[in-house]
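Secondary and tertiary structure notes
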Amino acid sequence: MSRAAEESNRRLLRARDAMDRGYAEPLDIPALARIAHVSPAHFTRTFRAAFGETPHRYLQRRRVERAMFLLRETDRSVTDICFLVGFGSTGTFSRTFRDIVGRSPRTYRKEAATVATVPTCFTMAWTRPHT
């Protein structure tokens, strides 16, 4: 791998790490592209090539993963969780959650409660979104 490719990958990882840390904050492509020191269009193309999904989809998946944890481990309402993980509307949250997980947040919570006796490591492996 060339030195330029390594540096490009390092910058993409910095942007992805920023997404992981700030998943609940409003993040946009121009801000993430600035972190990676590239143009917004180039950032989107290279991110998808490197990680297999667009930056927007990656951020949605991270938010849904965090919501899954909160649905399993807390008694917060679905609406509270929606805004806590960074979604702007409950409709978008529910639609995105269903698209990634395959069921609604409420259904997921009910099903997660029934597997509470299974060790956490198995629960996490079984319930991780597969997109």
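A quick note: this is a predicted structure, and the numbers were derived from the prediction, not measured. (Residues numbered from 1 in each chain as written. Predicted model: local features only at pLDDT ≥ 70, side-chain atom pairs only at ≥ 80, totals over all residues. Heavy atoms only, no water.)

This next bit is on unusual backbone geometry. Although it is not a glycine, histidine 37 adopts a positive phi angle of roughly 60°. One can find histidine 37 in the loop between helix H2 (29–36) and helix H3 (40–51). (Helix = DSSP H or I, 4+ residues; strand = E, 2+ residues; numbered from the N terminus.)

Under the counting rule described, the total for this entry stands at six aromatic pairs. With a centroid separation of 4.7 Å and 55° between ring planes, the pair formed by phenylalanine 47 and phenylalanine 51 is classed as tilted. In this pair, phenylalanine 47 and phenylalanine 51 are both assigned in helix H3, four residues apart and thus about one turn of the helix distant. On the accessibility criterion, phenylalanine 47 (0% relative accessible area) is buried. Judged by its relative accessible area of 25%, phenylalanine 51 falls in the partly exposed class. Ring geometry for phenylalanine 97 versus tyrosine 108: centroids 5.7 Å apart, planes at 70°, classification edge-to-face. Within this pair, whereas phenylalanine 97 is found in helix H6 (residues 90–101), its partner tyrosine 108 is found in helix H7 (residues 105–114), the two being separated by eleven residues in sequence. Phenylalanine 97 gets classed as buried once you look at its relative accessible area, which sits at 0%. By relative accessible area, tyrosine 108 is classed as buried at 1%. Every member of this aromatic cluster is reached through a ring pair, and the members are Phe43, Phe47, Phe51 and Tyr58. The aromatic ring of phenylalanine 87 is capped on one face by arginine 63, whose charged end is 5.9 Å from the ring centroid. (Phe/Tyr/Trp six-rings, centres within 6.5 Å; stacked < 30°, edge-to-face > 60°. Buried < 20%, exposed > 50% of the residue type's maximum accessible area, 1.4 Å probe, protein only. Lys NZ or Arg CZ within 6 Å of the ring centre and 35° of its normal.)

Here we take up the pattern of salt bridges. Counted by the stated rule, this structure contains nine salt bridges. Among the salt bridges present, the one from arginine 10 reaches glutamate 7, with a minimum N-O distance of 2.9 Å. Placement of the pair is arginine 10 and glutamate 7 together in helix H1 (residues 3–21), with a separation of three residues, close to one helical turn. Its relative accessible area of 41% is what places arginine 10 among the partly exposed residues. A residue is classified by how much of its surface remains accessible, and glutamate 7, at 27% relative accessible area, is partly exposed. The closest approach of N and O atoms between arginine 57 and aspartate 99, which form a salt bridge, is 2.9 Å. With arginine 57 in helix H4 (residues 55–73) and aspartate 99 in helix H6, the pair connects residues that are 42 residues apart, well separated along the chain. With relative accessibility at 22%, the residue arginine 57 sits in the partly exposed group. The class of aspartate 99 is exposed, set by a relative accessible area of 51%. (Salt bridge = Lys/Arg side-chain N within 4 Å of Asp/Glu carboxyl O.)

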